[in-house]
Amino acid sequence: MSKKYYTVMLIDDNAIDNMIHTRILENSGVTEVIFNHHSAPSAIECLKNLVKIPIEGNRLLPAYIFLDLDMPLMNGFQFMAEFDKLDKTIKDGVKIVLLTASQNSSDQVHASKFANFHKYLNKPLSIQKIKDL
């Protein structure tokens, strides 16, 4: 991800991971705006609202969503299933990166079935991992 993007989104129920990953994204210089969510349902609602803001090219919609897999209420796979149901104007150009501690190879296979899935990364996020996107 050597290109600069206006917006990215982090979704992780662990506040410490979210804080660390936010700092890493800030230090990488790849984005100007970082939306943080501690639950997948709040992220879905945010996306639905962002598309309503009249900004040319929907710049507020994230180019990348860094998504934790293991979360209460709605896990990463459930988020991606809900994301798939969103309007095309929300989904276009968004890449979902699973950022997880899971070492289960079947998770990667399952994730690849979703249209906007881009990559599977193990935590923690690093500047090198961001550059490799």
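This text goes with the structure placed above it.
Residues numbered from 1 in each chain as written. Predicted model: local features only at pLDDT ≥ 70, side-chain atom pairs only at ≥ 80, totals over all residues. Heavy atoms only, no water.

## Observations regarding the pattern of salt bridges
Right, so step 1: One pass over the structure, following the stated rule, counts 6 salt bridges.
Right, so step 2: When the shortest N-O distance is used, the salt bridge between E82 and K85 registers 3.0 Å.
Right, so step 3: Accessibility expressed as a relative area gives 30% for E82, which makes it partly exposed.
Right, so step 4: Given a relative accessible area of 63%, K85 falls into the exposed group. (Salt bridge = Lys/Arg side-chain N within 4 Å of Asp/Glu carboxyl O. Buried < 20%, exposed > 50% of the residue type's maximum accessible area, 1.4 Å probe, protein only.)

## Observations regarding the sheet that holds strand β4 (residues 95–100)
Right, so step 1: Sheet architecture is open: 5 strands sit in the order β2-β1-β3-β4-β5, paired in parallel fashion. Edge positions in the open sheet fall to β2 (31–37) and β5 (117–122), since each of these has one partner strand only. Here the average twist between neighbouring strands, direction ignored, is 20°.
Right, so step 2: Both strand β3 (residues 64–67) and β4 contribute to a ladder of 4 bridges, which runs parallel. If you follow L67 over to β4, its bridge partner there is L98.
Right, so step 3: Those strands touched by helix α2 (residues 40–50) are β1 (5–11), β2 and β3, and its axis lies near 155° from that of β1. (Pairing = 2+ DSSP bridges. Helix = DSSP H or I, 4+ residues; strand = E, 2+ residues; numbered from the N terminus. Axes fitted to C-alpha atoms, helices over the stretch in contact; angles between N-to-C directions. Contact = heavy atoms within 4.5 Å.)

## A closer look at unusual backbone geometry
Right, so step 1: Here the bond from K123 into P124 is cis, since omega is 0°, no more than 30 degrees from zero.
Right, so step 2: Within the secondary structure, P124 sits in the loop between β5 and α6 (127–131).
Right, so step 3: Positive phi outside glycine occurs at L73, with the angle close to 70°.
Right, so step 4: By the element assignment, L73 lies in the loop between β3 and α3 (76–84).

## Examining the nonpolar core
Right, so step 1: I11, L47, I65, L67, F79, M80 and L98 are the most contacted members of the largest nonpolar core, which has 30 residues in total.
Right, so step 2: With 6 residues, the top contributor of residues to this core is α2.
Right, so step 3: Residues in contact with M80, not counting those within four places in the same chain, are L67, I96, L98, A111 and F114.
Right, so step 4: Core analysis: the second largest hydrophobic core is formed by 15 residues, V8, F66, L121 and L133 among them. (Core = buried A, V, L, I, M, F, W, Y, C linked by side-chain atoms within 4.5 Å.)

Remember that the coordinates give geometry; whether it matters functionally is a separate question.
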